[in-house]
Amino acid sequence: MIKFLDLPKQYQSIKNEIDSAISDVIDKGAFIGGPFVSAFEEAFANFQQTSHCIGVGNGTDALEIILEALDMPPNSEILVPANSFIASAEAIVRTGHVPVFCDMRHDDMTIDVSAMKAMITDRTAAVMPVHLYGHPCDMEELLSVAKMFGLRVIEDCAQAHGAEYKGQRIGALGDAGAFSFYPGKNLGAYGDGGAITCNDPDLARRCRMIANHGRIAKYDHEFVGRNSRLDGIQSAVLEVKLRHLETWLEKRRSLAALYNKHLSTLNSVQLPHAQNNVRHVYHLYVIRILNKDRRDHVIESLKEADIGHGVHYPIALPQLKAFQHLSQMETTPLANEAAAQLISLPMGEHLSEADVLQICEKLNNVL
Ligand SMILES: *Cc1c(COP(=O)(O)O)cnc(C)c1O
């Protein structure tokens, strides 16, 4: 059996460090706020090379809090890729705005900046690039369009801890970045968690206040905020795991290279494409079965061989029931087509090279 994800195995490899970090938090009673949260925020800001990091409850909250802090007019249109997890668009709706779905690039599957530009209207206030699967968006083009039209830029970094665009870490290339520490992400907590990164001290302060009942000091509530906090135990776990993250990311990159090498002769399959000016961190290794009618057969064969898989994501956002009323079902043909072709193969530091070779052999036989 080859697992898609194996968190218990990862825990076993760092058990002593994790156990002692968790009992430290309990010994000190530092459950909410306090030294463990600050230490992780500082370490993560340092890792992402941003001036500020604010721990929050989860990645969806991180997006919502940034959107709220940017204080855009109600019902602003916000550009977002059609191929992402629902949270990207959900945060836009929950903060009183309207998602406008954009198509993707055929090769690396991130937002197509020229398609995005074509969707801009008088009511467009922001764009939310998603560094999908760990591959950074074409930020230079995107930022130049954003600048031309006066748009705010909120990076959805939930899948891209440690990814780089032209040698710079993602997370504060635009106004702010939203990270998720959902357990299965490249840096995952032992429960929910998230973070906001940015370089603007005023925006950072506003995000921190929104996430903590509109206050900085204990009972000095300046406005109505909410409660969305990264807690002490999650922070301590994340701080331990952050020390291993570089090694784990490099392992992902080398396993991806191994997959690429051994699947390269399959001309009915499109392999993940990494642009040469980025550091792709392979949160997911996603292949496309170009003849979509064969996808179920491939999935069945993986199941028979006890090889884990996923589909990220089987339905493009405009086609979800939640968004059908926006009548954008047909405006993103490439994303719609891709949704029927995708298969995510096992990826992560739990895999051995032999595992990857076995998966490649299976796929070479089936296809
Ligand atoms: C996981 C994810 C989120 C949401 O993060 P949560 O911590 O689960 O709320 C947002 N956007 C993308 C692209 C994601 O993959």
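Structure shown above.
Residues numbered from 1 in each chain as written. Predicted model: local features only at pLDDT ≥ 70, side-chain atom pairs only at ≥ 80, totals over all residues. Heavy atoms only, no water.

(A) Structural detail: helix H7 (residues 139-149). Buried within H7 are the following residues: Met139, Leu142, Val145 and Ala146. Looking straight down H7, one finds its buried side chains confined to an arc of 130°; they lie on one side. More than 90 degrees from the buried face of H7, the exposed residues found are Lys147 and Met148. Its buried side turned inward, H7 meets helix H6 (113-118), strand S4 (124-127), strand S5 (152-156) and strand S6 (164-165). At the exit of H7 stands Gly150, carrying a positive phi of roughly 65°. (Buried < 20%, exposed > 50% of the residue type's maximum accessible area, 1.4 Å probe, protein only. Helix = DSSP H or I, 4+ residues; strand = E, 2+ residues; numbered from the N terminus. Arc of directions from axis to C-beta. Contact = heavy atoms within 4.5 Å.)

(B) Quick look at the packing of helix H4 (residues 59-69) against helix H8 (residues 201-211). Between H4 and H8, the shortest axis-to-axis distance is 9 Å and the interhelical angle comes to 120°. One way to sum up the angle between H4 and H8 is to call them oblique. At the point where H4 passes H8, the crossing takes the right-handed sense. Each of Ile65, Ile66, Glu68 and Ala69 in H4 lies in contact with H8, whose residues at this interface are Leu203, Arg206, Cys207, Ile210 and Ala211. (Axes fitted to C-alpha atoms, helices over the stretch in contact; angles between N-to-C directions. Parallel < 35°, antiparallel > 145°, perpendicular 65-115°, else oblique. Left-handed = near helix turned anticlockwise from the far one by under 90°.)

(C) Looking closely at the packing of helix H9 (residues 232-263) against helix H12 (residues 353-366). Close contact between H9 and H12 brings their axes to 10 Å; oriented N to C, the two are set at 30°. Classed by the angle they form, the pair H9 and H12 counts as roughly parallel. Regarding H9 and H12, the two cross each other, and that crossing is right-handed. Two secondary-structure elements touch here, H9 through Leu255, Leu258, Tyr259, His262 and Leu263 and H12 through Glu353, Val356, Leu357, Ile359, Cys360, Leu363 and Asn364. Of the residues assigned to the contact of H9 with H12, the class counts are 9 nonpolar, 2 polar and 1 charged. (Nonpolar A, V, L, I, M, F, W, Y, C, P; charged D, E, K, R; others polar.)

(D) How the structure looks around the sheet that holds strand S8 (residues 176-180). Strand order in this open sheet of 7 strands is S1-S9-S8-S5-S4-S2-S3, and the pairing throughout is mixed. The strands lining the two open edges of the sheet, one partner per strand, are strand S1 (52-56) and strand S3 (98-102). Each strand of the sheet is rotated relative to its neighbour by a mean of 25°, with strand direction disregarded. Each of S1, strand S2 (77-81), S5, S8 and strand S9 (194-198) is contacted by H4, which is oriented at about 160° to S8, the strand it contacts most. Each of S2, S3 and S5 is contacted by helix H5 (residues 86-94), which is oriented at about 150° to S3, the strand it contacts most. (Pairing = 2+ DSSP bridges.)

(E) How the structure looks around the nonpolar core. Membership of the largest hydrophobic core comes to 48 residues, with the highest contact counts inside it found for Phe44, Met116 and Phe181. If you list the elements that add at least two residues to this core, you get helix H2 (15-28), helix H3 (35-48), S3, H6, H7 and H9. At 8 residues, H9 tops the list of elements feeding residues into this core. Look past the residues within four positions of Phe44 in its chain and what remains in contact with it is Cys53, His161, Phe179, Phe181, Leu187, Ala195, Thr197 and Leu242. (Core = buried A, V, L, I, M, F, W, Y, C linked by side-chain atoms within 4.5 Å.)

(F) Representation of the packing of aromatic side chains. Scanning the entire structure with this criterion turns up 10 aromatic pairs. Each ring, one from Phe44 and one from Phe179, has its centre 5.0 Å from the other, and the planes form 90°; the classification is edge-to-face. In this pair, Phe44 is assigned in helix H3 and Phe179 in strand S8, connecting sequence segments 135 residues apart. Given the relative accessible area of 0%, Phe44 is considered buried. An aromatic cluster of at least three residues, connected via ring pairs, comprises Phe40, Phe44, Phe47, Phe179 and Phe181. Cation over ring: Arg169 sits above Phe47, and NZ or CZ is 4.6 Å from the ring centre. Positioned over the ring face of Phe223 is Arg206, at 4.9 Å from the centre of the ring. (Phe/Tyr/Trp six-rings, centres within 6.5 Å; stacked < 30°, edge-to-face > 60°. Lys NZ or Arg CZ within 6 Å of the ring centre and 35° of its normal.)

Read these as layout, nothing more, since geometry by itself doesn't imply function.
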